[in-house]
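Next come the chains, spelled out residue by residue.
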Amino acid sequence: MPIEAFRTGFPGTGVTASDLAVVVWALPQTAATRRDHRACAALPSRRWSLARHYGEAVNDRVRDRLVRALVDAGYPAVAPVRLPAFGRATSERFGIASRWSERHAAYTSGLGTFGLCDGLITERGKAVQFGSIVAAIDLPATPRPCGDRTAYCLRLSGKECDACIRRCPAGAISAEGHDKERCFAYIRETTMPFVED
Ligand code: SF4
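This write-up is about the structure you can find in this document. (Residues numbered from 1 in each chain as written. Predicted model: local features only at pLDDT ≥ 70, side-chain atom pairs only at ≥ 80, totals over all residues.)

**Notes on the overall build of the chain**
Then comes step 1: Along its length, the chain carries 6 helices and 9 strands.
Then comes step 2: Relative to the 2.2 N^0.38 estimate, which gives 16 Å for 197 residues, the radius of gyration of the chain is 18 Å and therefore close to what a compact globule would have.
Then comes step 3: When the 197 residues of the chain are sorted by exposure, 21% land in the buried category.
Then comes step 4: Taking as baseline every contact in the chain between residues at least 6 positions apart, the subset at least 24 positions apart corresponds to 60%. (Helix = DSSP H or I, 4+ residues; strand = E, 2+ residues; numbered from the N terminus. Rg over C-alpha atoms; globule rule 2.2 N^0.38 Å. Buried ≥ 20, exposed ≤ 12 C-beta atoms within 10 Å, placed from the backbone. Contact = placed C-beta atoms within 7 Å.)

**Regarding the nonpolar core**
Soluble globular proteins tend to pack their nonpolar side chains together in the buried interior.
Then comes step 1: One finds V67, A77, V78, I133, V134 and A135 to be the most contacted residues of the largest nonpolar core, which totals 13 residues.
Then comes step 2: Elements that contribute at least two residues to this core include exactly helix 1 (2–9), helix 3 (46–72), strand 2 (77–78) and strand 7 (128–135).
Then comes step 3: Setting aside its immediate chain neighbours within four residues, V67 contacts A77, V78, A79 and I133.
Then comes step 4: Ranked by size, the runner-up nonpolar core spans 10 residues in total, among them Y107, L120, I121 and Y152. (Core = buried A, V, L, I, M, F, W, Y, C linked by C-beta atoms within 7 Å.)

**Section: the environment of A170**
Then comes step 1: Following the sequence through the fold, A170 ends up in the loop between helix 5 (163–167) and strand 8 (173–174).
Then comes step 2: Overall, the presence of 16 C-beta atoms within 10 Å leaves A170 in the partly exposed class.
Then comes step 3: Each C-alpha atom, one on A170 and one on A185, is 8.7 Å from the other, the two residues being 15 residues apart in sequence.
Then comes step 4: Not counting the four nearest positions on each side in its chain, A170 is found in contact with R182, C183 and Y186.

**A few points about the pairing of strand 3 (residues 88–91)**
Then comes step 1: As paired strands, strand 3 and strand 4 (residues 95–98) are joined by 4 bridges and run antiparallel to one another. Along strand 4, the bridge assignment pairs R88 with S98.
Then comes step 2: Taken together, strand 3 and the strand that follows it, strand 4, pair antiparallel across an intervening segment of 3 residues. (Pairing = 2+ DSSP bridges.)

**Describing the packing of helix 2 (residues 31–38) against helix 3**
Then comes step 1: Two numbers describe how helix 2 lies on helix 3: the axes approach to 7 Å, and their chain directions differ by 125°. With respect to helix 3, the axis of helix 2 lies oblique. Residues A32, T33, D36 and H37 of helix 2 form the contact with helix 3, whose own contacting residues are R47, W48 and A51.
Then comes step 2: Within the contact of helix 2 with helix 3, the residues separate by chemical class into 3 nonpolar, 2 polar and 2 charged. (Axes fitted to C-alpha atoms, helices over the stretch in contact; angles between N-to-C directions. Parallel < 35°, antiparallel > 145°, perpendicular 65-115°, else oblique. Nonpolar A, V, L, I, M, F, W, Y, C, P; charged D, E, K, R; others polar.)

**A closer look at the site of the ligand**
Then comes step 1: All residues in the neighbourhood of the ligand are listed as G115, L116, C117, C153, L154, R155, C161, A163 and C164.
Then comes step 2: Of the residues belonging to the shell around the ligand, the class tally is 7 nonpolar, 1 polar and 1 charged. (Near = placed C-beta within 6 Å.)

**Some words on the sheet that holds strand 2**
Strands pair in a sheet through their backbones, by hydrogen bonds, and they do so in one of two ways: parallel or antiparallel.
Then comes step 1: Spatially, 1-7-2 is the arrangement adopted by the 3 strands of the open sheet, whose pairing is antiparallel. Unpaired on one side and paired on the other, strand 1 (21–28) and strand 2 mark the two borders of the sheet.
Then comes step 2: Sheet analysis places strand 2 next to strand 7, joined by 2 bridges and oriented antiparallel. Pairing of A77 across the sheet is with A135, part of strand 7.
Then comes step 3: Lying over the sheet, helix 3 contacts strand 1, strand 2 and strand 7, oriented at roughly 20° with respect to strand 7.

**A word on the environment of Y75**
Then comes step 1: Locating Y75 in the fold gives a position in the loop between helix 3 and strand 2.
Then comes step 2: Overall, Y75 belongs to the partly exposed group, with 15 C-beta atoms counted inside 10 Å.
Then comes step 3: Sequence separation between Y75 and V58 is 17 residues; the distance between their C-alpha atoms is 23 Å.
Then comes step 4: In this structure, Y75 is in contact with L70, A135, A136 and I137, ignoring residues within four places of it in sequence.

By themselves, these figures tell us nothing about what the structure is for.
Here's what the structure looks like:
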């Protein structure tokens, strides 16, 4: 939760959850990256791999700079994924999960809704990387344009669509949803060794 992340960075503070704002942004992939990636079937394109790796490094700098700018202006702030406490855990209810999810922060902030595949679908599609920070600052909440948590997913909105089921090279998506363990194993055992080569 935002307050837990905040208190990790500022222990002993009297700040409460209602004093906090979560600022979330989306960094979209370029048309060239989407074009190259679209042509791939089992393994990621070079552009996508580079954007995933170096794009996240850029995203970390955005997080750090925004936190620094806010702290310097007198608003205590943390970037949850930059905290030492950030990491993955396995829960009985949700399986493998991050201690802070940029996608869930983006959903809560009205940037999109979840698809059958668990990806977050924004108004501009889902080839985006998200970032967020938590700050003790009074900001007006952005109105949420989307309906329920799966409003932008065609299939979960009652229309015909199985594109992600057919497209997933790991066979990790079915009518029942996203098999996280299968997805995780494919990334670790197939995608990562390929990209690192
Ligand atoms: S079912 Fe269709 S709309 Fe929903 S996540 Fe999969 S590809 Fe996207």
